[in-house]
Amino acid sequence: MSKSVLIVEKDTGLIGELREALTGRGFEVEDTTDGKGAPELIRKTQPGAVVLAVDLDAGQNGYIICKKLKSDDDL
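Report on the accompanying structure. (Residues numbered from 1 in each chain as written. Predicted model: local features only at pLDDT ≥ 70, side-chain atom pairs only at ≥ 80, totals over all residues. Heavy atoms only, no water.)

1. A short note on the overall build of the protein
Phase 1: The secondary structure content of the protein amounts to three helices and three strands.
Phase 2: Mapped in sequence order, the helices and strands of the protein form the string β-α-β-α-β-α.
Phase 3: By the compact-globule yardstick of 11 Å for 75 residues, the protein fits well, its C-alpha radius of gyration being 12 Å.
Phase 4: When its C-alpha atoms are laid out on the principal axes, the protein stretches across 30 × 25 × 15 Å.
Phase 5: Taken over 75 residues, the protein has a buried fraction of 31%.
Phase 6: Across the protein, every contact between residues at least 6 apart in sequence was considered, and the portion connecting residues at least 24 apart equals 57%.
Phase 7: Carbon and sulfur atoms form 49% of the exposed surface of the protein, whose accessible area is close to 4,800 Å². (Helix = DSSP H or I, 4+ residues; strand = E, 2+ residues; numbered from the N terminus. Rg over C-alpha atoms; globule rule 2.2 N^0.38 Å. Buried < 20%, exposed > 50% of the residue type's maximum accessible area, 1.4 Å probe, protein only. Contact = heavy atoms within 4.5 Å. Areas by Shrake-Rupley, 256 points an atom, 1.4 Å probe, with all protein chains shown as cover.)

2. A few points about the pairing of strand β2 (residues 28–32)
Phase 1: The pairing of strand β1 (residues 4–8) with β2 spans five bridges and is classified as parallel. Paired with Val5 across the strands is Val29, a residue of β2. (Pairing = 2+ DSSP bridges.)

3. A short note on the side chain of Ser4
Phase 1: Structurally, the position occupied by Ser4 is in strand β1.
Phase 2: Discounting chain neighbours no more than four positions away, the residues touching Ser4 are Glu28, Gln46, Pro47, Gly48 and Ala49.

4. Here we look at the nonpolar core
Generally speaking, soluble globular proteins have nonpolar side chains that are buried together.
Phase 1: Grouped together as the largest cluster of nonpolar side chains are nine residues: Leu6, Val8, Ala38, Leu41, Ile42, Ala53, Leu56, Ile65 and Leu69.
Phase 2: Listed by contribution, the elements that provide at least two residues to this core are β1, α2 (38–45) and α3 (62–70).
Phase 3: If we skip the residues at most four places from it in the chain, Leu6 touches Glu30, Asp31, Thr32, Leu41, Ile42, Pro47, Ala49, Val50 and Val51.
Phase 4: Of all hydrophobic cores here, the second largest spans five residues; its members include Val5, Ile15, Leu22 and Val29. (Core = buried A, V, L, I, M, F, W, Y, C linked by side-chain atoms within 4.5 Å.)

5. A look at the environment of Ile42
Phase 1: When you line up the elements, Ile42 lands in helix α2.
Phase 2: Residue classification places Ile42 among the buried residues on the basis of a relative accessible area of 6%.
Phase 3: Sequence separation of Ile42 and Gln60 is 18 residues, and the distance between their C-alpha atoms is 15 Å.
Phase 4: What Ile42 contacts, discounting residues up to four positions off in sequence, is Leu6, Pro47, Val50, Leu69 and Leu75.

6. Focus on unusual backbone geometry
Phase 1: The phi dihedral of Gln46 falls on the positive side, at around 50°, and the residue is not glycine.
Phase 2: By secondary structure assignment, the location of Gln46 is in the loop between α2 and β3 (49–52).

Structure, rendered in structure tokens:
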């Protein structure tokens, strides 16, 4: 499994805390506050894991994004 993690979260303070905890354990971390662009970013970066918030902006939420990811055979 890849040691990369993508954080999808609108709270930048929480992103900072998660980034610090994960990089301290050897993970490469990318983040975004853009729920709408998250599926494309996941396709592009192919992270080993995604930390996905439920409450996001731009009419998105973690459940919608998760459904999109599950329906994409490449992911």
